[in-house]
Amino acid sequence: MPSLRLATFNAENLFARYRFKDGFQPTADDGFTINDTAFRIHDEESKKITGKAIREVNADVICLQEVESLPVLDRFNSYYLGGLRYAHRAVIDCFDPRQIDVAVLSRYPIVSLRSHRDERDKKNTAFLFSRDCLEVELDVGGKVLTLYVNHLKSMMGGRDATHARRREQAERVAAIVDARWKKSGYKGNFVVLGDLNDYPEGKTALASLLGHKGLVNVLTRLPAKEQWTHYYASGNEYHQLDYLLLSKGLAKANAGVPVVMRRGLPWRAQQVTDGRLEGVGENEPKASDHAPLYMDITLV
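Quick look at the structure, then. Nothing here was measured: the structure is a model prediction, and the numbers come from that model. (Residues numbered from 1 in each chain as written. Predicted model: local features only at pLDDT ≥ 70, side-chain atom pairs only at ≥ 80, totals over all residues. Heavy atoms only, no water.)

Turning to the nonpolar core, a few remarks are in order. Among the nonpolar cores identified, the biggest contains 29 residues, and F9, I54, I62, L64 and Y86 are the most heavily contacted of them. Secondary-structure elements contributing two or more residues to this core are strand 1 (3-14), helix 1 (44-57), strand 4 (61-67), helix 2 (70-80) and strand 6 (101-106). Not counting residues up to four positions away in its chain, the partners in contact with L64 are F9, I54, L73, D101, V102, A103 and L105. The next biggest cluster of nonpolar side chains, apart from the first, holds 28 residues, and it includes L4, V191, L250 and I297. (Core = buried A, V, L, I, M, F, W, Y, C linked by side-chain atoms within 4.5 Å. Buried < 20%, exposed > 50% of the residue type's maximum accessible area, 1.4 Å probe, protein only. Helix = DSSP H or I, 4+ residues; strand = E, 2+ residues; numbered from the N terminus. Contact = heavy atoms within 4.5 Å.)

As structure tokens, this is what we get:
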């Protein structure tokens, strides 16, 4: 059976910013064309370390959060990930006010994409997924692997204040999974993954996913103190925000444990015990405030 290394990583602000060519005067003409500008990756020192973190993981498929656009992803892949051979890439623009989207880098062909970007919330007052729930089907050695790539509502403004929006998003992801996989007893090759922006403990908004009978949070296979994936510097807090939720069938066939690669976090995150990537600073630069999460899996 085919195997692969699968990862998820919130790359934190993978943006590009435009720069006018020397001597160009935009006010001298009615607007400008793309040929009169150039863009480069924003915060290049940090993004070099982001690239090093992705190299360290060396996943066959890595799902990213906080990517601005496909041109940005292509440029980042070309300039910082050369040699990793991510020939297959996908981003679909959505509705986040910061223009951050979910993305996929893959060594395996992408055979299908389905976006849920146009779905509305229950009250029909806003788009449900500002960063999408992106369904991606990959051809992995003749087997199809289906990924549900997510970046749910953040806790900016408070966990309680943002709970309802995040819960509705999580419940919809669970319903999408049910519609496709319930009849098969959740035995297929599928994974819900990404930055779900809530903790498993306490009043979590993720109950519909973490308690789902067809999904397994494989991070619980690690000791409790090793399950954190995010460092919140302002509060010096360590929590799990990132998830690999394997289908029941995949989890049964893969008894291994996932890995949280924390070497791109800043030195002030003192619970990191295995050193840092070259160039990481006390606070900045860093790869991200999240750590990549990955696991080697064999398809069923």
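Enumeration over the complete set of coordinates arrives at six aromatic pairs. Ring plane angle 5° and centroid distance 3.8 Å describe the contact between F95 and F127, whose orientation is recorded as stacked. With F95 in the loop between strand 5 (88-91) and strand 6 and F127 in the loop between strand 7 (110-114) and strand 8 (133-140), this pair connects stretches of sequence that are 32 residues apart. Judged by its relative accessible area of 29%, F95 is partly exposed. For F127, a relative accessible area of 28% translates into the label partly exposed. Through pairs of rings, three or more aromatic residues link up here, namely Y148, W181 and F190. The ring centre of F127 lies 4.9 Å from the NZ or CZ of R120, which sits over that ring. (Phe/Tyr/Trp six-rings, centres within 6.5 Å; stacked < 30°, edge-to-face > 60°. Lys NZ or Arg CZ within 6 Å of the ring centre and 35° of its normal.)

What follows concerns the layout of surface pockets. What the largest pocket holds in volume is close to 870 Å³. What lines the largest pocket is a set of 35 residues, among which S154, M156, N197, H230 and D289 lie closest to the centre. Of all the secondary-structure elements, those providing two or more residues to the lining of the largest pocket are strand 1, strand 12 (230-232) and strand 13 (237-239). Grouping the constituent residues of the lining of the largest pocket by class yields ten nonpolar, twelve polar and 13 charged. (1 Å grid on protein atoms, 1.4 Å probe; cavity = no way out; pocket = protein on both sides within 12 Å on 5 of 7 lines; lining within 4 Å. Points joined across faces, edges and corners; volume = space filled by probe spheres on them. Nonpolar A, V, L, I, M, F, W, Y, C, P; charged D, E, K, R; others polar.)

Another point: the environment of Y108. Relative to the helices and strands, Y108 resides in the loop between strand 6 and strand 7. For Y108, a relative accessible area of 21% translates into the label partly exposed. As for Y108 and Y86, which are separated by 22 residues in sequence, their C-alpha atoms are 8.2 Å apart. Ignoring any residue separated from it by four or fewer positions in sequence, one finds Y108 in contact with S3, L4, D60, V61, H88, L138, D139, V140 and G141.

Moving on, we come to the environment of P292. Counting through the fold element by element, P292 comes out in the loop between strand 15 (259-260) and strand 16 (293-298). Taking the C-alpha atoms as reference, P292 lies 5.5 Å from M261; in sequence the two are 31 residues apart. The residues contacting P292, other than those within four sequence positions of it, are T8, F9, A53, V57, V259, V260 and M261.

One pass over the full model with this rule turns up 17 salt bridges. Across the salt bridge formed by E171 and K122, the nearest N and O atoms sit 3.5 Å from each other. A residue pair is termed long-range when its members are at least 10 positions apart, and E171 in helix 3 (residues 163-181) and K122 in the loop between strand 7 and strand 8 qualify at 49 residues. Judged by its relative accessible area of 68%, K122 falls in the exposed class. (Salt bridge = Lys/Arg side-chain N within 4 Å of Asp/Glu carboxyl O.)

This part covers the sheet that holds strand 6. Strand order in this open sheet of six strands is 5-6-4-1-16-15, and the pairing throughout is mixed. Pairing within the sheet leaves two strands with one partner each, and these edge strands are strand 5 and strand 15. Pairing geometry for strand 15 and strand 16, over two bridges, is antiparallel. Its bridge partner being in strand 16, V260 is matched across the sheet by L293. Strand contacts of helix 1: strand 1, strand 4 and strand 16, with the helix running at about 170° to strand 1, the strand carrying the most contacts. Most of the contacts of helix 2 go to strand 5, to which it runs at about 145°, and overall it touches strand 1, strand 4, strand 5 and strand 6. (Pairing = 2+ DSSP bridges. Axes fitted to C-alpha atoms, helices over the stretch in contact; angles between N-to-C directions.)

Turning next to the side chain of D132. With respect to the element layout, D132 can be found in the loop between strand 7 and strand 8. The buried charged residue D132 lacks any salt bridge partner; its closest oppositely charged side chain belongs to R117, at an N-O distance of 6.6 Å. Only 3.3 Å separates the side chain of D132 from the backbone nitrogen of R117, close enough to count as a polar contact. For D132, the residues in contact, after removing those within four places along its chain, are C94, S115, H116, R117, V149, N150 and H151. (Lys, Arg positive; Asp, Glu negative; His and termini not counted. Polar contact = N/O pair within 3.5 Å; in protein donor to acceptor, adjacent residues only side chain to side chain.)

Here we come to the pairing of strand 10 (residues 190-195). Within a regular strand, side chains alternate between the sheet's two faces. Within strand 10, six of the six residues are buried, which leaves the element mostly enclosed by the surrounding structure. When strand 9 (residues 143-151) meets strand 10, the two strands line up parallel, connected through six bridges. Looking across to strand 10, one finds that V149 is bridged to L193. Read from strand 9 through helix 3 to strand 10, the crossover connection turns out right-handed. Of the pairings in the sheet, the one linking strand 10 to strand 14 (residues 242-247) comprises five bridges and is antiparallel in character. When the sheet's bridge partners are listed, D195 is paired in strand 14 with D242. (Right-handed = clockwise from strand over helix to strand, strands pointing away.)

Any functional reading would require information that these geometric values do not contain.
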